[in-house]
Amino acid sequence: MRYSGKGRKIAYGGDYNPEQWPEAIWAEDMKLLKEAHIDTLTLNVFSWAALQPSEEEYDFSKLDKIMEMVRDNGFQVCLATSTGAHPAWMAKKYPDILRTEFSGMKRKFGGRHNSCPNSPTYRKYSVRLAEKLARRYQNYENIIAWHISNEYGGECYCENCEKAFRVWLRKKYQTIEALNQAWNTAFWGHTFYEWDEIVLPNLLSEHFEYDRSQFQSITLDYKRFNSESILECYRLEYEAVKRVTPEIPVTTNLMGFYKGLDYKMWAKYMDVVSWDNYPANGDSPAKIAMSHDLMRGIKGGAPFLLMEQTPSVTNWLPYNALKRPGVMRLWSYQAAAHGADAVMFFQMRRTAGACEKLHGAVIDHVGTNQTRVYREVQALGAELEKIGGETLGARTEAKAALYFDWDNWWAVECSAGPSCELKYLDEVLNYYEALHGLNIGVDLVGPEDDLEKYSLLAAPVLYMTKPGYDEKIRRFVAAGGTFITTFFSGIADEHDRIILGGYPGRLRDIVGLWVEEEDALPSGTENSFTYQGKTYPARLVCDLSHPESSGLTVLSRYEQDFYAGMPVLTRNEYGSGKAYYMAARSNQEFYHTLLKDLCDEAGIVPAADPQDGLEAAVRANENGRYLFLLNHGEQELKTECREAGIELISQKEYRAGEYMLLGAKDVKILKIF
Ligand code: GLA
Ligand code: ZN
């Protein structure tokens, strides 16, 4: 990351759209933003129509002025390429740029993030614009990152995409026979003889509705194809700016657990990951933390940039609640605790019209610094200035890993059966929440990540076992690791074909049992089991299994129904490690108890003693180790400092064993001596 002007520190700022305002306002903005200790501005996010008023004409005059003003005022710039929304003239002249929806409806001009990823027009002109921007502004030393497009997403079902899908399939399968085999097309006589018989899976073809496909393998391949098509657009722009400015890092703002794009694959082509954090009302601190951990995890643990968050309120939720006093600060530090090296907002000045006119901003419609939100932004800015560059680049030291994979997400949820309520993310969150509540650092890992450095691997609903992943787990457990997986695991291969010969397929010898049947429990009904003397519910899906290994211990059994007595929770000794199988969903209290036992057994220690509302996370770099302590609760709490250190915001020193007080919503960052 290039840092200029103010030296190395946590970048602070966000989206700034002066092009939407008369120039008379600009000087006022510069003053107010500087007073708020803002140092980084994301510019040019939606200016394509202004920069290219017609096919032949480019006009950078306004952006030139903005770039100069911003540099003269000492700001760093995250420069966007503006390709998140195409100009109206382009849509009129080249309709191939317009998307076709899932329903088959061809769109007209309107909205944003609206370009067909396989449109030759889009690819040609987006790349051309990116290159022109790079050439024009390459000598601006204050550009710290390229921001390609904006929140890539969605999908397209147009004829161009259909043709491109066939090309993609041909490359992947080589022969139509291999494709027929992978997709199991003998089912319902769907056998294909020519590539051009294949159509995109949508409402016109294989789908009953968005998530329910009649041919999951086709849907799965389409999702991969769509993610890669959009990625290709990003990569073309990436290469265009890199050719001119190889030293400037390139990013695009991701969206956390966004289902449509396989970010694990995307991250390979990003110099630095950045993402936009907009929790829904009621999202738990754990859910937000898990998103940060995912964004860190897709890039192998590298720090990321919090590219956007609202300083106060969004406009697009059904109920747009204000962030309560202190919450913006708390969530900003939460991002830093989980790996963020930048804290940025959408946006600097609240827009005057269109759909985001009621979206929060640092400078509100009143136009002054006399607002609660401005003051909170300013106060945080002053703190970040004080903290400086200490924590930059610091990595999380996690001993627990949680498996997450987009292919698995897609496959689980377009699967017909076993339960319409089975959502992959819910099950992953159940395990994450327990670890988070225990203040155990977690890395979210994908199929390609190494497991050697971990002591615990949780892989809830590991439905799809990709080739080789079972072997990775085998090595991990044999070497002493603790592994836990759940119901609906080991079922299918990478094409969504069932792995025959008994569930959980390739995991069977590791967990030491055979799952004969799976019972889906309608909402509101449950079975039960007892663990460590306490009774817990078994919900959602209940596996009916038979122990097969001599190393297997049944820790809990079903207590009702015809399968009473069959295992719910088992532990199999495998090599020097242990493999647990949890045959049903339970409740948070159970997960908390179980994960605590597993962590104790695996020798994983929490960053701070768990208590309600307290979040603790550790990052370390060459400057030292940093313990972030956050109080998400409404009550003051106290926590014991296990090691001596200096608190970075207050500069107060703490001795080992001394108690630290954290007010409601407060944050402390202890640099360990
Ligand atoms: C996204 C976009 C921004 C803006 C915000 C509003 O994150 O990237 O352009 O629309 O949402 O919340
Ligand atoms: Zn298309």
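Rules used in this analysis
Residues numbered from 1 in each chain as written. Chains lettered and ligands numbered in written order. Predicted model: local features only at pLDDT ≥ 70, side-chain atom pairs only at ≥ 80, totals over all residues. Heavy atoms only, no water. Near = heavy atom within 4 Å. Polar contact = N/O pair within 3.5 Å; in protein donor to acceptor, adjacent residues only side chain to side chain. Areas by Shrake-Rupley, 256 points an atom, 1.4 Å probe, with all protein chains shown as cover. Nonpolar A, V, L, I, M, F, W, Y, C, P; charged D, E, K, R; others polar. Donors = N, O, S within 2.8 Å, 3.2 Å for Na, K, Ca; no water. Tetrahedral: all angles 85-135°; square planar, octahedral: opposite > 155°, others 65-115°. Helix = DSSP H or I, 4+ residues; strand = E, 2+ residues; numbered from the N terminus. Buried < 20%, exposed > 50% of the residue type's maximum accessible area, 1.4 Å probe, protein only. Pairing = 2+ DSSP bridges. Salt bridge = Lys/Arg side-chain N within 4 Å of Asp/Glu carboxyl O.

Colleague: Describe the site of ligand 1, with residues and values.
Modeller: Neighbouring residues of ligand 1: Phe-46, Arg-112, Asn-150, Glu-151, Asn-253, Asp-276, Tyr-278, Glu-308, Trp-316, Phe-346, Glu-356 and His-359. At 2.8 Å from an oxygen atom of ligand 1 is found a side-chain nitrogen or oxygen belonging to Arg-112. With respect to ligand 1, the side chain of Trp-316 contributes an N or O atom lying 2.8 Å from an oxygen atom. For ligand 1, the protein covers 97% of the area, taking 300 Å² as the surface of the free molecule. Looking at the shell around ligand 1 residue by residue, the class counts come to 4 nonpolar, 3 polar and 5 charged.

Colleague: Could you give me a rundown of the coordination of the zinc ion (ligand 2), with the residues and numbers involved?
Modeller: Those donors, Cys-116 (SG), Cys-156 (SG), Cys-158 (SG) and Cys-161 (SG), are the protein atoms that reach the zinc ion (ligand 2), and they lie 2.2 to 2.3 Å from it. One can describe the donor arrangement at the zinc ion (ligand 2) as tetrahedral, given that its 4 donor atoms subtend angles of 100 to 116 degrees at the metal. Counting along the primary sequence, the residues that act as donors to the zinc ion (ligand 2) give the motif C-x39-C-x1-C-x2-C. You can see Cys-116 sitting in the loop between helix H4 (88–93) and helix H5 (120–137) and its partner Cys-161 sitting in helix H6 (residues 159–173), a full 45 residues away along the chain. For the pair formed by Cys-116 and Cys-161, the shared burial category is buried.

Colleague: Before we move on, could you go through the pairing of strand S3 (residues 76–80) and cite the residues and values that matter?
Modeller: Counting buried positions along S3 yields 5 of 5 residues, so the element is predominantly enclosed. Side chains Gln-76, Cys-78 and Ala-80 of S3 all project onto a buried face; the interleaved residues Val-77 and Leu-79 project onto the opposite face, where all are buried too. Pairing between strand S2 (residues 40–43) and S3: 4 bridges, direction parallel. By the bridge assignment for S3, Thr-40 is matched with Gln-76. As judged from the 4 bridges shared by S3 and strand S4 (residues 143–147), these two strands associate in the parallel manner.

Colleague: Could you give an account of the pattern of salt bridges, naming the residues involved and the relevant values?
Modeller: A complete count under the given rule lists 48 salt bridges for this structure. Residues Arg-625 and Glu-643 are paired through a salt bridge, measuring 3.7 Å at the closest nitrogen-oxygen approach. Of this pair, Arg-625 sits in strand S25 (residues 624–631) while Glu-643 sits in the loop between strand S26 (637–640) and strand S27 (645–647); the two residues are 18 residues apart in sequence, bridging distant segments of the chain. Relative accessible area serves as the criterion here: at 32%, Arg-625 is assigned to the partly exposed category. Judged by relative accessible area, which is 37%, Glu-643 ranks as partly exposed. Glu-634 is the salt-bridge partner of Lys-665, the closest N and O atoms lying 3.3 Å from each other. With a gap of 31 residues between them, Lys-665 in the loop between strand S29 (659–662) and strand S30 (667–672) and Glu-634 in the loop between S25 and S26 connect regions that are remote in the sequence. Relative accessible area serves as the criterion here: at 60%, Glu-634 is assigned to the exposed category. Here the residues in one salt-bridge network are Lys-172, Asp-221, Arg-224, Asp-405, Asp-407 and Lys-466, joined through shared partners.

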